[in-house]
Amino acid sequence: MTLHERWMIHALSEARRAFQSNEVPVGAVVVHRGIIIGRGYNQVETLNDPTAHAEMIALTAAASHLHSKQLKECTLYVTLEPCPMCAGAVVLSKISTLVFGSYDAKMGACGTLYSIVEDKRLNHRVHTIGGVLDNESGNLLKQFFLKKRKVVT
């Protein structure tokens with residue numbers, strides 16, 4: 001098991017919390033010097049807040065922990081490729097590295113539809129690694145949406 005897989009397992013644990021809360025199962029953790037300093041899972045429905053994505057919650061917790069808006073020595077692990085809002089927050093936080101699980105064909109802003117985190121026009125770029133534990137992340141999302149469709153029909 002690689003180091004990135006080890007931390008992604010923690011993000012998957014957060015995604016399972018979202019699943020249990022009937023939220024789209026996305027989870028995130030921020031790691032600083034080998035310690036998780038921020039955790040988050042999607043809470044959009046629970047909080048009735050369109051910005052309550054896993055990444056946003058984890059970044060806020062990490063910034064609070066470090067008493068700094070800049071997370072330069074941190075790595076963000078998230079189970080799904082960040083959307084444009086979250087990718088923008090990653091850039092603004094000056095995270096060093098972003099590691100994500102599944103690519104997002106509908107909203108992915110870290111290589112799929114856009115590449116906000118590596119855009120040379122912005123003042124910060126983020127080293128990005130995608131596809132880490134992709135199957136595990138993708139399967140959790142598939143289970144969630146299958147369950148949703150069964151409830152609707």
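Here goes a summary of the coordinates provided. (Residues numbered from 1 in each chain as written. Predicted model: local features only at pLDDT ≥ 70, side-chain atom pairs only at ≥ 80, totals over all residues. Heavy atoms only, no water.)

## Points about unusual backbone geometry
So, step 1. Phi is positive for Asn22, close to 60°, though the residue is something other than glycine.
So, step 2. Within the fold, Asn22 resides in the loop between helix H1 (3–20) and strand E1 (27–32).
So, step 3. The exposure class of Asn22 is partly exposed, given its relative accessible area of 35%. (Helix = DSSP H or I, 4+ residues; strand = E, 2+ residues; numbered from the N terminus. Buried < 20%, exposed > 50% of the residue type's maximum accessible area, 1.4 Å probe, protein only.)

## Brief notes about the pattern of salt bridges
So, step 1. Inspection of the entire model under this criterion finds four salt bridges.
So, step 2. Across the salt bridge formed by Glu73 and Arg33, the nearest N and O atoms sit 2.8 Å from each other. Taken together, the positions of Glu73 in the loop between helix H3 (54–66) and strand E3 (74–80) and Arg33 in the loop between E1 and strand E2 (35–41) put the pair 40 residues apart, joining distant regions of the chain.
So, step 3. The class for Glu73 is partly exposed, based on a relative accessible area of 48%.
So, step 4. A residue is classified by how much of its surface remains accessible, and Arg33, at 64% relative accessible area, is exposed.
So, step 5. Note that Arg121 is salt-bridged to Asp119, the shortest N-O span being 2.6 Å. (Salt bridge = Lys/Arg side-chain N within 4 Å of Asp/Glu carboxyl O.)

## Observations concerning helix H4 (residues 84–93)
So, step 1. Within H4 the residues assigned to the buried category are Cys86, Ala87, Ala89, Val90, Val91 and Ser93.
So, step 2. Looking one or two residues past H4, Lys94 carries a phi angle of roughly 60°, positive in sign.

## Section: the side chain of Ser102
So, step 1. With respect to the element layout, Ser102 can be found in strand E4 (residues 97–102).
So, step 2. On the basis of relative accessibility, which here comes to 5%, the residue Ser102 falls in the buried class.
So, step 3. In terms of polar contacts, Ser102 uses its side chain to reach the backbone amide nitrogen of Gly138, at 3.1 Å.
So, step 4. Once residues within four sequence positions are removed from consideration, Ser102 is found in contact with Thr79, Leu80, Glu81, Asp134, Ser137 and Gly138. (Polar contact = N/O pair within 3.5 Å; in protein donor to acceptor, adjacent residues only side chain to side chain. Contact = heavy atoms within 4.5 Å.)

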